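Here are the chains, one letter per residue:
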Amino acid sequence: MKRIMFYCQHILGMGHLVRSREIIRGLTKDFQICFINGGEIIQGFEIPTGVEVINLPAIKTDAEFAEQQVVDDAFSLNEVKEIRKNRLLEIFDQFQPDILIVELFPFGRRRFSFELIPLLERAKSNRSSTKVVSSLRDIVVAKPDKQTKHEEKVCHLINKYFDMLLVHGDQKLVPLEETFSRVNDLKCQLYYTGYVVQEPPKNPVFTDEDRKIIKSDKPLILVSVGGGRFGHELLECVVNTAPFLEKGLPHNIQVFTGPFIPDSKFNELQAMAKYSKNIHIRRYTPYLLNYMKKADLSINMPGYNTTMNVLTTGVRAMILPFTGNQDREQSIRAEKLSNLGIVKLINHNHLQPDYLAINIINYLKKQPKKISFDSGGVEKTATILKALVVKQKAA
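Figured I'd write up the structure that's included with this text. (Residues numbered from 1 in each chain as written. Predicted model: local features only at pLDDT ≥ 70, side-chain atom pairs only at ≥ 80, totals over all residues. Heavy atoms only, no water.)

### Notes on the layout of surface pockets
In this structure, the second largest pocket occupies an estimated 190 Å³ of space. The wall of the second largest pocket is formed by 13 residues, among which Glu-40, Ile-41, Ile-42, Gln-43 and Phe-260 lie closest to the centre. Across the lining of the second largest pocket, the residue classes tally to 8 nonpolar, 3 polar and 2 charged. (1 Å grid on protein atoms, 1.4 Å probe; cavity = no way out; pocket = protein on both sides within 12 Å on 5 of 7 lines; lining within 4 Å. Points joined across faces, edges and corners; volume = space filled by probe spheres on them. Nonpolar A, V, L, I, M, F, W, Y, C, P; charged D, E, K, R; others polar.)

### As for the packing of aromatic side chains
The way to describe two aromatic rings as a pair is by their centre distance and the angle between their planes. For the structure shown, the criterion picks out 8 aromatic pairs. Between Phe-6 and Phe-35 the ring centres are 5.7 Å apart and the planes differ by 50 degrees, which places this aromatic pair in the tilted class. One end of the pair, Phe-6, is in strand β1 (residues 2-8); the other, Phe-35, is in strand β2 (residues 31-37), with 29 residues separating them in the sequence. Residue Phe-6 shares its accessibility class with Phe-35, and that shared class is buried. A ring pair is formed by Phe-206 and Tyr-287, whose centres lie 5.1 Å apart and whose planes are at 75 degrees; its orientation type is edge-to-face. Taken as a pair, Phe-206 in the loop between β9 (189-192) and α5 (208-214) and Tyr-287 in the loop between β12 (279-282) and α8 (288-294) lie far apart in primary sequence, 81 residues in all. Overall, the relative accessible area of 18% leaves Phe-206 in the buried class. The rings of Tyr-195, Tyr-304 and Phe-373 are connected pair by pair, giving a single aromatic cluster. One Lys or Arg, Lys-247, reaches over the ring of Phe-244 and ends 6.0 Å from the middle of that ring. The cationic tip of Arg-283 hangs over the ring face of Phe-266; the distance from NZ or CZ to the ring centre is 4.4 Å. (Phe/Tyr/Trp six-rings, centres within 6.5 Å; stacked < 30°, edge-to-face > 60°. Helix = DSSP H or I, 4+ residues; strand = E, 2+ residues; numbered from the N terminus. Buried < 20%, exposed > 50% of the residue type's maximum accessible area, 1.4 Å probe, protein only. Lys NZ or Arg CZ within 6 Å of the ring centre and 35° of its normal.)

### Here's the deal with unusual backbone geometry
Residue Phe-105 is joined to Pro-106 through a cis peptide bond whose omega torsion reads 5 degrees. At Arg-109, a residue that is not glycine, the phi angle is positive and equals roughly 65 degrees. The topology assignment puts Arg-109 in the loop between β6 (99-103) and α3 (113-123).

### Thoughts on the environment of Val-238
Here Val-238 lies in helix α6 (residues 232-246). Here Val-238 falls in the buried class, since its relative accessible area comes to 5%. Considering only alpha carbons, one finds Val-238 and Ile-139, 99 residues apart in sequence, at a separation of 28 Å. When near neighbours in sequence (up to four residues on either side) are disregarded, Val-238 contacts Val-223, Ile-253, Val-255, Ile-279 and Leu-356. (Contact = heavy atoms within 4.5 Å.)

### Comments concerning the sheet that holds strand β10 (residues 220-224)
Here we have 6 strands laid out as an open sheet, ordered β12-β11-β10-β13-β14-β15, and parallel in their pairing. The sheet is open, and its two borders are formed by β12 and β15 (344-345), each paired with just one other strand. Note that β10 and strand β13 (residues 297-300) share 4 bridges and pair parallel. Bridge pairing links Ile-221 to Leu-297 in β13. In the packing of helix α11 (residues 353-363) onto the sheet, the strands contacted are β10, β13, β14 (317-319) and β15, and the crossing angle to β14 comes to about 150 degrees. (Pairing = 2+ DSSP bridges. Axes fitted to C-alpha atoms, helices over the stretch in contact; angles between N-to-C directions.)

### Describing the packing of α6 against α11
The geometry of α6 relative to α11 is characterised by a closest axis approach of 8 Å and an angle of 65 degrees between their N-to-C directions. Between α6 and α11, the angle falls in the class roughly perpendicular. Two packed elements cross with a definite hand, and for α6 against α11 that hand is right-handed. Residue-level inspection shows Cys-237, Val-238, Asn-240, Thr-241, Phe-244 and Leu-245 of α6 in contact with α11, the latter providing Pro-353, Asp-354, Leu-356, Ala-357, Ile-360 and Ile-361. A class-by-class count of the residues in the contact of α6 with α11 yields 9 nonpolar, 2 polar and 1 charged. (Parallel < 35°, antiparallel > 145°, perpendicular 65-115°, else oblique. Left-handed = near helix turned anticlockwise from the far one by under 90°.)

### Describing the environment of Val-315
You can see Val-315 is positioned in the loop between α9 (304-313) and β14. When its relative accessible area of 6% is taken as the criterion, Val-315 is described as buried. Each C-alpha atom, one on Val-315 and one on Phe-114, is 42 Å from the other, the two residues being 201 residues apart in sequence. When neighbours within four sequence positions are excluded, Val-315 is seen to be in contact with Met-292, Ala-295, Asp-296, Leu-297, Ser-298, Val-310 and Pro-368.

### What about α11?
Taken as a whole, α11 has its buried residues at Leu-356, Ala-357, Asn-359, Ile-360 and Tyr-363. An end-on view of α11 places all buried positions within 165 degrees of arc, on one side of the element. Considering only its buried residues, α11 is in contact with β10, α6, β13, β14 and β15. (Arc of directions from axis to C-beta.)

### Quick notes on the sheet that holds β1
Strand order in this open sheet of 7 strands is β3-β2-β1-β6-β7-β8-β9, and the pairing throughout is parallel. Both outer strands of the open sheet, β3 (52-55) and β9, are each paired with one neighbouring strand and no more. Across the sheet, the mean angle from the axis of one strand to that of its neighbour is 20 degrees, orientation sign disregarded. Across 4 bridges, the pairing between strand β8 (residues 164-167) and β9 is parallel. Note that in β9 the partner of Leu-166 across the bridge is Tyr-191. Across the sheet, helix α2 (residues 77-95) is in contact with β1, β2 and β3; its angle to β1 comes to roughly 165 degrees.

### A short note on the pairing of strand β11 (residues 252-256)
Across the 5 residues of β11, 5 count as buried, placing the element largely inside the fold. Burial along β11 is two-sided: the face carrying Asn-252, Gln-254 and Phe-256 and the face carrying Ile-253 and Val-255 are both buried. Pairing of β10 with β11, which is carried by 5 bridges, proceeds in the parallel orientation. Counted as the bridge partner of Val-223 is Val-255 from β11.

Purely geometric stuff here, so don't read any function into it on its own.
Spelled out as structure tokens, the structure:
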């Protein structure tokens, strides 16, 4: 069986980890997989059976992407970097992958060049016949004042190290050229796979709390903000809106703050919601998709995976894009879907409890438009990679 080494580094949220997990789910039938996780471990987050998982000493970042931080204080950042670099090379030499997949790099994660460039050099050395693939979401992000230099560096690194670029999106909906102008300068093979969508757990083990909400006859308002390191102002506004809704709208509000929310903020939200009977607050669930299928309304931030869940379930959605660090990814996605009438776009000026309550009540009366898009990213990625190793063998 052919071997794939898959590198994923999540530093702020958990979207990259979720998408990578879904991709490898589609690869397990045909490949032996070694999955490298460079970010924090999330309790309850399951990787498909049969996949070897190696967790590097975790590195994260602050909400403004200003600095890298180690999760384990026993080592300095420089020590962790050296440990990780050597560990990646050791894994590569032991596993000898036919394909090395690097998620996001070099379109992002260039702060991890300290370990990725040595790994890519090893993969492209004469001793190795490994094919190198970049796994990329639909929208590329760079600061406007640095776009030219950013694209120049991306082209250099792609053309030097990579055999293939997989764009996990639909070219008809969001062409790569929309956020990366030098697509024609990329010399590797480029494929659009369609969007990677999540598959609900086959044998969910619901808690009593899960069953109480999912099986309830009351309308459900679902609120989520991804990993939980940002989006706190949305969570606070929803909690303060609950009393306004409780008076005239029979419903449950289920809030998932994200596993990375600081304890102090989580406890603050719990205290704020103490006297509201219509709201329930938890950090994380592996069954978010089940909740979304049940929900009458989803209030969330439009990261890649959450947006795919919204589109595949057809739930009404009110979305607040993340705009920190001059990041336009979520804004681009949100504005496109809002203009198509698929979601309702909210902004920070709307985060007033009475105003949000009115918007929620009014939007629950409307039916959002549907959209047709390529959601075959998991299957198509597997097909493309199987063809790649067949070509490799023939060569």
